[in-house]
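One-letter residues, chain by chain:
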Amino acid sequence: YYDAFLGLGLYNFALSQIPSTLEWAANLVGITADKELGLAYVKKSVAKGKLSKIDAQYYLSQLYSRVVVDHPSAKELLNTLVRRYPNNLLFKFSLAWIEYELDELANAEKHLRFVINSKDELYPFVVSNSNYVLANVFFARNQFDSAKVYYQNYIKLSINDDYKGFANYQIGLCNEMIGNRKEAV
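Not measured: the values here are computed from a predicted model.

Another point: the environment of leucine 102. By secondary structure assignment, the location of leucine 102 is in the loop between α6 (89-101) and α7 (105-117). For leucine 102, a relative accessible area of 28% gives the class partly exposed. Along the sequence, leucine 102 and histidine 71 sit 31 residues apart, while their C-alpha atoms lie 7.2 Å from each other. Setting aside chain neighbours within four positions, we find leucine 102 in contact with His71, Pro72 and Lys75.

Checked against the element boundaries, serine 61 lands in helix α4 (residues 53-68). Under the relative-accessibility criterion, serine 61 is labelled buried at 0%. Linking serine 61 and alanine 74, residues 13 residues apart in sequence, is a C-alpha distance of 4.2 Å. Among residues more than four places away in sequence, those in contact with serine 61 are Ala74, Leu77 and Leu78. One polar contact links the side chain of serine 61 to the main-chain carbonyl oxygen of tyrosine 58, over a distance of 2.6 Å.

The residue asparagine 175 is located in helix α10 (residues 164-177) in this model. Under the relative-accessibility criterion, asparagine 175 is labelled buried at 3%. Once residues within four sequence positions are removed from consideration, asparagine 175 is found in contact with Lys148, Asn180, Arg181, Glu183 and Ala184.

Below, the discussion takes up α4. Inspection of α4 places Ala56, Gln57, Tyr58, Leu60, Ser61, Gln62, Leu63, Tyr64 and Ser65 among the buried residues, and these make up the whole buried set. In this structure, the buried side of α4 is in contact with α1 (4-16), α3 (35-48), α5 (71-84) and α6. Positive backbone phi, at 60°, marks valine 69, one or two positions downstream of α4.

Contact geometry for helix α9 (residues 144-157) and α10: axes closest at 9 Å, N-to-C directions at 155°. Considering their axes alone, α9 and α10 lie roughly antiparallel with respect to each other. Helix-helix and strand crossings are classified by hand; for α9 and α10 the assignment is left-handed. The residues of α10 that touch α9, namely those facing Phe144, Ala147, Lys148, Tyr151, Gln152, Tyr154 and Ile155, are Lys164, Ala167, Asn168, Gln170, Ile171, Cys174, Asn175 and Met177. Of the residues contributing to the contact of α9 with α10, the split by class is nine nonpolar, four polar and two charged.

About the cut-offs
Along every chain, residues carry numbers that run from 1 in the direction the sequence is written. A pLDDT threshold of at least 70 governs which residues receive local features in this predicted model, and a stricter bar of 80 or more applies before side-chain atom pairs are shown or counted, although totals over entire chains, interfaces and linings include all residues. To obtain the side-chain values, all non-hydrogen atoms of the structure were used and water was disregarded. Where helices and strands are cited, they refer to DSSP runs of H or I of at least four residues and of E of at least two residues respectively, numbered from the N terminus. Partly exposed residues are those whose accessible area sits between 20% and 50% of the maximum for their type, while under 20% is buried and over 50% is exposed, using a 1.4 Å probe and protein chains only. Should any heavy atoms of two residues lie within 4.5 Å, those residues are counted as being in contact. Identification of polar contacts relies on pairs of N or O atoms within 3.5 Å, with a donor-acceptor requirement for protein atoms, meaning one able to donate a hydrogen and the other able to accept it, and with residues adjacent in sequence counted only if both atoms are side-chain atoms. To define axes, lines are fitted to C-alpha atoms, for helices over the stretch in contact only, and angles between the resulting N-to-C directions are given on a 0 to 180 degree scale. To sort the angles, those under 35 degrees are grouped as roughly parallel, those over 145 as roughly antiparallel, those from 65 to 115 as roughly perpendicular, and the leftovers as oblique. Two helices that cross are described as forming a left-handed crossing if the nearer one is turned anticlockwise from the farther one by less than a right angle, and a right-handed crossing if clockwise. The residue classification treats Ala, Val, Leu, Ile, Met, Phe, Trp, Tyr, Cys and Pro as nonpolar and Asp, Glu, Lys and Arg as charged. All others, Gly included, are polar.

Pasting the structure below:
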């Protein structure tokens with residue numbers, strides 16, 4: 001029953017992230033967690049799971065990319081998922097984000113354009129955030145006109161305010177860099 005290790009692993013990993021100021025409360029009610037054990041359990045589910053193997057691969061890629069900060073390992077898992085499920089927007093978006101972090105901008109752009117061009121309505125978060133990451137790709141290349149367009153698309157399509165402040169700031173920087181001081185301010 002290796003699939004059960006996914007839940008146990010995520011439980012241990014998540015609870016190990018409790019801020020130290022709250023650890024006393026968790027300990028008081030008997031909750032203990034081990035980050036390394038959690039990671040080992042998720043890896044075990046990836047290696048030997050049957051029903052939740054794909055979920056385990058995706059969750060492990062996210063743990064690697066967001067918490068452990070092991071982008072090459074995250075990329076390896078996501079490449080496997082994208083090869084197996086080439087039309088899965090979440091997998092492509094996640095891979096593109098990692099490729100952006102690794103400065104593999106051409107690959108990131110290719111995957112992000114696939115997501116944006118899908119015209120998907122079921123996953124607006126994935127599509128809107130693809131605009132955000134693509135804007136970052138153009139910004140990294142000093143293509144400020146294109147970056148500005150995609151930051152504006154992100155703001156228009158966003159379903160939450162997570163990166164709106166940063167996107168507006170980046171639009172200001174883009175305007176400054178292309179000589180539109182009045183708009184930048």
